[in-house]
Amino acid sequence: MRSVSGTIDINFLKEKARAIRIEVLKMLTEAGSGHTGGSLSAADIVTALYFYKMRHNPENPKWNERDRFILSKGHAAPLLYAALAMTGYFDISMLKTLRKMGSPLQGHPCSRTLLGVEISTGSLGQGLSVANGIAIGLKMDNLNSRVYCLLGDGEIQEGQVWEAAMTSAHYRLDNLCAIVDMNGLQIDGPVSHVKAIEPVAAKWNAFGWHVIDIDGHDMKTIIDTLDEAETVKEKPTVILARTVKGKGVSFFEGKVEYHGIAPTHEELERALKELGG
Amino acid sequence: MSLKIATRDAYGEALLELGKRRKDVVVLDADLSGSTKTGKFAKAFPERFYNIGISEQDMIGTASGLSLTGKLPFASTFAVFETGRAWEQIRQTVCYSNLNVKLVATHSGITVGEDGASHQATEDVALMRVLPNMTIIVPSDGNETRQVINAIADYYGPVYVRLGRVKVPMVMPDEYQFKIGKAFTFHTGSNVNIIAMGIMVSTALEAADILKDEGIDAGVINISTVKPLDTETLLNIAKACRLIVTAEEHSTIGGLGSAVCEFLSENHPIQICRIGIRDAFGCSGKPEELLKLYCLTADDIVRTIKEALT
Ligand SMILES: Cc1ncc(C[n+]2csc(CCOP(=O)(O)OP(=O)(O)O)c2C)c(N)n1
Ligand SMILES: [Mg+2]
């Protein structure tokens, strides 16, 4: 959130990121299953988007001038849900219902059950195409809204991502900003072992994108980069956010096995201590 | 012979007219706009036409995003690529989110002809039928196609429309009014009724004429909406005859025949014969030759009915 004076309170955002991580961990533990590593790695980015960069109105989730956020890596649903709850889309107590029968908080985001979710995701590789369609539609309507799309680094092995990347550049979608959560890990191991994606920057560059490579946990850098992206014209921008999977909890950090499992109650207690929760 | 027009040509015209009436219509294609006839719209409204290139999966996603901004997207390519290549995108993004995306595919069935099996969708209806929220419409002629395009524009939700490449006779009466989910009964037969979709409606009418000369009273029903099925009409017809024959230019697995069997076996079991492609790929040839080869002619329907009735 920008303060009234227009200056940005980095400490406020850092504090929000810490609180989001705590909610993510609690919700996952309560659910007993879900994706921990990739929710934590993108927590700083999503905090910067929801609490600083994006123009959105939780009281009017369908406000047509809002900026859009597409969680293409849908398995990081807990992170999206925490951001939505903490910005006021629904009561924070609802986070406890994650993955439970009858809950709008489905295992992967479902736009039909939860306001604030722009599009249902979960099957990887599809979000950037949807983001393109929204970006084109916004331009047709002469709206200045921007579209943000978060992808995983393993996810960009999907061919559709590169079909979409070509489309974004071809239609000069400068109202679109893709962010790749470069945590280096996917399910079966390091991305570099499963199927290497590097040189990533050169790939996006070759596809006609403005590329910015950053430390995805440095809040000041994140917000400066999001601001910079908005000034780039005639091209889409991609932010390659170098992150650590499981960031914030020492015993989850960089551990491939914490991709798709939830913390135990004992792990939660230790994690909360580390996070000062 | 009555006037013949390909359903894809009727689509091109209808889309152009719709584009004039409604500014929210946007059209996407995947490098086949000449063949799918979306090129007409593209020429008239270049600012509302998006060629996504040879990337069908991306086309479906882009259409979905456009629908999220309140546009009315029509996404077209050949039926094989639309429903096959992009199936999971249609499932996850379009149907699961219940988006207002219109999938209008051309070049369905074996009447694609010379291009052969790679380009002949004979399983597209099956692929779309299993998806919740999806509506499936298979128009029988040019006039019906025009009406279908207008009707789906006024309907919210995912729709798959199956069109063909070759010219087909106009079969629907002038006063016919298409309604989503409503079958059209040309005539109800006391012995047997033929339930057909797409180009097989005209074939069924031909078969009924031949049977009439031989003293067999065969009814013909055009069930252009394959999903949701017009179960009321089906039930009434099943109760009033001995035999039902389904006719489709599609696999007998998962298509119209399956849909009718699934419904009637649970609600009013009756003998049903399915005319369609029997678990096989198509092949190259002239459309008329292929219809003979795959037993999709009026004579095939006549023979099937006579055998079943004796
Ligand atoms: C199309 C598709 N294939 C496979 C999966 C199963 N899956 C879920 S997460 C994942 C790994 C994702 O890795 P990455 O994109 O790097 O995500 P992150 O590390 O940020 O969690 C896989 C293979 C899926 N959800 N969708
Ligand atoms: Mg990863």
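Residues numbered from 1 in each chain as written. Chains lettered and ligands numbered in written order. Predicted model: local features only at pLDDT ≥ 70, side-chain atom pairs only at ≥ 80, totals over all residues. Heavy atoms only, no water.

### A closer look at the overall build of chain B
Put simply, the rule is: The secondary structure listing takes helices from DSSP runs of H or I that are at least 4 residues long and strands from runs of E that are at least 2 residues long, numbered from the N terminus. Radius of gyration here uses only the C-alpha atoms, and the compact-globule reference equals 2.2 Å multiplied by the residue count raised to the power 0.38. Three exposure classes are used, based on accessible area relative to the maximum for each residue type with a 1.4 Å probe and protein chains only: buried under 20%, partly exposed in between, and exposed over 50%. A contact between two residues is defined here by any heavy atoms of the two lying within 4.5 Å. Under the convention used here, a 1.4 Å probe and the Shrake-Rupley method define accessible areas, while residue burial counts only the protein chains that appear. Just so you know, the count uses Lys and Arg for positive and Asp and Glu for negative, and it drops His and the chain ends. A single reference atom marks each charge: NZ on Lys, CZ on Arg, CG on Asp, CD on Glu.
The helix and strand inventory of chain B stands at 13 helices and 14 strands. Here chain B has a C-alpha radius of gyration of 19 Å; the compact-globule value for 310 residues is 19 Å, and the two agree. The C-alpha extent of chain B, read off along each of the three principal axes, is 60 × 40 × 35 Å. Relative to its 310 residues, chain B shows a buried fraction of 63%. Counting only contacts in chain B whose residues sit at least 6 apart along the sequence, the fraction spanning at least 24 positions is 79%. When the accessible surface of chain B is summed, it comes to about 11,500 Å², and 51% of that surface belongs to carbon and sulfur atoms. Positive and negative charge centroids in chain B, built from 31 and 37 side chains respectively, lie 4 Å apart.

### Quick look at the pairing of strand β14 (residues 271-277) of chain B
All names here are of chain B. The criterion, for reference: A pair of strands is treated as paired once DSSP finds two or more bridges between them. By convention, a crossover is right-handed whenever its connection, traced from the first strand over the helix to the second and viewed with the strands pointing away, goes clockwise.
Note: strand β13 (residues 243-251) against β14, 6 bridges, orientation parallel. Note that in β14 the partner of serine 251 across the bridge is isoleucine 277. Crossover connection from β13 via helix α11 (residues 256-267) to parallel β14: handedness right-handed.

### A short note on unusual backbone geometry
Pro199(A) follows Glu198(A) through a cis peptide bond whose omega is 0°. Residue Lys227(B) is joined to Pro228(B) through a cis peptide bond whose omega torsion reads 0°. Its location among the elements puts Pro228(B) in the loop between β12 (225-227) and α10 (231-239). Positive phi values are uncommon outside glycine, yet Arg99(A) reaches one of about 70°. Using a relative accessible area of 32% as the deciding quantity, one classes Arg99(A) as partly exposed.

### Remarks on the site of ligand 1
Residue and element names in this part refer to chain A. Note the threshold: Nearness is judged by heavy atoms alone; a residue qualifies as near a molecule or strand once a single heavy atom is within 4 Å of it. Identification of polar contacts relies on pairs of N or O atoms within 3.5 Å, with a donor-acceptor requirement for protein atoms, meaning one able to donate a hydrogen and the other able to accept it, and with residues adjacent in sequence counted only if both atoms are side-chain atoms. Residue type decides the class: Asp, Glu, Lys and Arg count as charged, Ala, Val, Leu, Ile, Met, Phe, Trp, Tyr, Cys and Pro as nonpolar, and the leftover types, Gly among them, as polar.
As a matter of local geometry, ligand 1 sits amid 18 residues, with Lys73, His75, Asp153, Glu155 and Lys245 nearest to it. Asparagine 183 places a polar side-chain atom, nitrogen or oxygen, 2.9 Å from an oxygen atom of ligand 1. In the shell around ligand 1, the residues fall into 3 nonpolar, 9 polar and 6 charged.

### Some thoughts on the pattern of salt bridges
Residue and element names in this part refer to chain B. Where we set the bar: Salt-bridge detection follows one rule: a side-chain nitrogen of Lys or Arg within 4 Å of a carboxyl oxygen of Asp or Glu.
Enumeration over the complete set of coordinates arrives at 27 salt bridges over all chains. When the shortest N-O distance is used, the salt bridge between aspartate 124 and arginine 162 registers 2.8 Å. Within this pair, whereas aspartate 124 is found in helix α7 (residues 124-129), its partner arginine 162 is found in strand β7 (residues 159-162), the two being separated by 38 residues in sequence. Neither residue differs from the other here; aspartate 124 and arginine 162 are each classed as buried. Close ionic contact of aspartate 300 with arginine 303 constitutes a salt bridge, the shortest N to O distance being 2.4 Å. Of the two residues, aspartate 300 and arginine 303 both sit in helix α13 (residues 298-309), 3 residues apart, roughly one turn of that helix. Judged by relative accessible area, which is 41%, arginine 303 ranks as partly exposed.

### Thoughts on the side chain of Thr47(A)
Residues and elements named next belong to chain A. By the element assignment, threonine 47 lies in helix α3 (residues 43-53). The buried category is assigned to threonine 47, whose relative accessible area is 0%. When neighbours within four sequence positions are excluded, threonine 47 is seen to be in contact with Leu13, Lys16, Ala17, Ile20, Tyr52 and Met219.

### What about the domain arrangement of chain B?
Quoted interface sizes are often the accessible area lost when the parts come together. Residue and element names in this part refer to chain B. Counted only if it meets this: Domain borders in the structure are assigned automatically or taken from a domain database. In this description, buried area is defined as the sum, over both parts, of the accessible area (probe of 1.4 Å) that is lost when the two are combined.
For chain B, the assigned domains read domain 1 (4-169) and domain 2 (184-309). If you average the C-alpha positions of domain 1 and of domain 2, the two centres end up 25 Å apart. The partner domain 2 presents 33 residues to the 31 residues of domain 1 that form the contact. The junction of domain 1 with domain 2 conceals about 2,300 Å² of combined surface from both sides, 57% of it contributed by carbon and sulfur atoms. Considering only the side of domain 1, the residues that lose the most area to domain 2 are Ile110, Thr122 and Arg129, jointly responsible for 29% of the buried surface there. There are 1 salt bridge connecting domain 1 and domain 2. Salt-bridge contacts for glutamate 262 lead to arginine 129; the nearest nitrogen and oxygen are separated by 2.5 Å. The interface formed by domain 1 and domain 2 contains 22 residue pairs in polar contact (both at pLDDT 80 or more).

### What about the sheet that holds strand β2 (residues 147-152) of chain A?
All names here are of chain A. Rules: The axes used here are C-alpha line fits, helices contributing only the stretch in contact, and every angle between their N-to-C directions lies in the interval 0 to 180 degrees.
The parallel open sheet is built from 5 strands, whose spatial order is β1-β2-β3-β5-β4. Two strands in the sheet have a free side with no partner beyond their single neighbour: β1 (68-71) and β4 (210-215). Here the strands of the sheet are splayed against their neighbours by 20° on average, with no regard to which way each runs. As judged from the 4 bridges shared by β1 and β2, these two strands associate in the parallel manner. Counterpart to leucine 71 in the pairing with β2 is leucine 150. Running at roughly 170° to β4, helix α9 (residues 219-231) makes contact with β2, β3 (176-182), β4 and β5 (237-242) of the sheet.

### Quick word on the sheet that holds strand β11 (residues 218-222) of chain B
Residues and elements named next belong to chain B. The 5 strands are arranged β9-β11-β10-β13-β14 in an open sheet whose pairing can be described as mixed. Of all the strands in the sheet, the pair left with one neighbour each is β9 (184-187) and β14. When strand polarity is set aside, the average angle formed by the axes of neighbouring strands in this sheet is 20°. Note: β9 against β11, 3 bridges, orientation antiparallel. Counted as the bridge partner of phenylalanine 184 is asparagine 222 from β11. α13 rests against β10 (192-196), β13 and β14 of the sheet, and its axis sits at about 155° to β14.

### Focus: the packing of aromatic side chains
To describe a pair of aromatic rings, you give the distance between the ring centres and the angle between the ring planes. Residues and elements named next belong to chain A. Condition: Only centres within 6.5 Å qualify two rings of Phe, Tyr or Trp (six-membered ring in Trp) as a pair; their planes then separate them into stacked at under 30 degrees, edge-to-face at over 60, and tilted for everything else.
Overall, the coordinates contain 12 aromatic pairs over all chains when judged by the stated rule. For the ring pair tryptophan 162 and phenylalanine 207, a centre distance of 4.9 Å and an interplane angle of 55° mean the geometry is tilted. Note that tryptophan 162 is positioned in helix α6 (residues 159-170) and phenylalanine 207 in the loop between α8 (200-206) and β4, a separation of 45 residues in sequence. For tryptophan 162, a relative accessible area of 13% puts it in the buried group.

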